[in-house]
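Report on the structure
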Amino acid sequence: MSADRLTIAVPRGNLFGETLDVLDRLGIDTSEVRANDRKLLFEEAGIVTMRPSDVPTYVEHGAADLGIVGKDVLTEQSDRDVYELVDLGYGRCRMVVAVREGDDSLAESQRRLGSARIATKYPRTAADYFAGTGRHAEIVEVKGSVELAPLTGMVDAIVDLSATGTTLRENRLVELEELFVSTARLIANPVAHKLKATAIDDLVARVRDTS
């Protein structure tokens, strides 16, 4: 490993644009990344791009020294061996429990059956939350539009990210409970954090200075 050369895993998707803006402010040239929608590895800039859920994996296994990823992903992948260094503050969303408007099936199922059925893209997060509140829940993992699950009567509620609440409202769903607020986080590989401490500490200091 070079003592000062850092590779950063950057998430494609909702955090992509703001993440590149942050890197630009740190003096990292992202022009090639912005100009290539299909290319994934940018060795000159020290950037590798990927789907958000893969960022902790690449950082944990040392394919990237650092990564930027939402707290929602870190919470769902809490077993990943990575260090969370900085809350970057952007990409703010809330992880919530939502139900159909005027529907009391979540509470009713808990009363009658002692359990509720919950649809989510975040099965570990949902299971941990309901267990932590002393409620039993059957978790149904879905990959697509989770809002559909309660509308069809498949589940009593959903656990999902909500930025503005617009998608919930458009599907006649209402927020019932908030689990946590998710923002973009800077994470590090534990080995790189030791071997490249000077470079990483310098970058973290610049992140804080520019935020």
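The residue count restarts for each chain, going from 1 along the sequence in the order it is written. Local features in a predicted model are, by the rule used here, given only for residues with pLDDT of at least 70; side-chain atom pairs are given and counted only at 80 or more, and totals for whole chains, interfaces and linings are based on all residues. The side-chain figures draw on all heavy atoms in the structure; neither hydrogens nor water molecules are used.

1. Quick notes on helix H5 (residues 105-113)
The criterion, for reference: Here's how the labels work: a residue is buried when its accessible area is under 20% of the maximum for its type, exposed when over 50%, partly exposed in between, all with a 1.4 Å probe on protein chains only. Counting from the N terminus, the helices are DSSP H or I runs at least four residues long and the strands are E runs at least two residues long. This arc is built from the directions going out from the helix axis to the C-beta atoms. Whether two residues are in contact is decided by their heavy atoms: any pair within 4.5 Å suffices.
Buried residues of H5: Ser105, Leu106, Ser109 and Gln110, and no others. For H5, the buried positions fall inside an angular range of 140 degrees around the axis, keeping them on one side. With respect to the buried face of H5, the exposed residues turned more than 90 degrees away are Arg111 and Arg112. Contact partners of the buried residues in H5: strand S6 (93-100), strand S7 (116-120), helix H6 (123-132), strand S9 (157-162) and strand S10 (173-182). Downstream of H5 by one or two residues, glycine 114 has phi in the positive range, about 75 degrees.

2. Points about empty space enclosed by the protein
Rules: The pocket and cavity definitions rest on a 1 Å grid over protein atoms only: a 1.4 Å probe that fits but cannot leave marks a cavity, an open set with protein on both sides within 12 Å along at least five of seven lines marks a pocket, and residues lining either have an atom within 4 Å of a point. Grid points are joined across faces, edges and corners, and a volume is the space filled by probe spheres set on the points. Here the nonpolar group is Ala, Val, Leu, Ile, Met, Phe, Trp, Tyr, Cys and Pro; Asp, Glu, Lys and Arg are the charged ones; every other residue, Gly included, is treated as polar.
According to the stated counting rule, one finds 1 cavity of 30 Å³ or more in the structure shown. Considering the residues around the largest cavity, the lining is formed by Ile8, Val22, Leu23, Leu26, Ile68, Leu88, Leu186, Leu203 and Val207. Of the residues that constitute the lining of the largest cavity, the class distribution is 9 nonpolar, no polar and no charged.

3. So, H6
Thr125, Ala126, Tyr129 and Phe130 are the residues of H6 that are buried. Each buried residue of H6 lies within a common arc of 120 degrees when the element is viewed along its axis, so the set occupies one face. When the buried face of H6 is taken as reference, the exposed residues oriented beyond 90 degrees from it are Ala131 and Gly132.

4. Thoughts on the pattern of salt bridges
Note the threshold: Any carboxyl oxygen of Asp or Glu that lies within 4 Å of a side-chain nitrogen of Lys or Arg is treated as forming a salt bridge with it.
Counted according to the given criterion, the structure contains 20 salt bridges. The partner of lysine 71 in a salt bridge is glutamate 84, with the nearest N and O atoms 2.9 Å apart. Here lysine 71 is found in helix H4 (residues 71-76), whereas its partner glutamate 84 is found in strand S5 (residues 83-87), with 13 residues between them in sequence. Taking relative accessible area as the criterion, glutamate 84 reaches 35% and is therefore assigned partly exposed.

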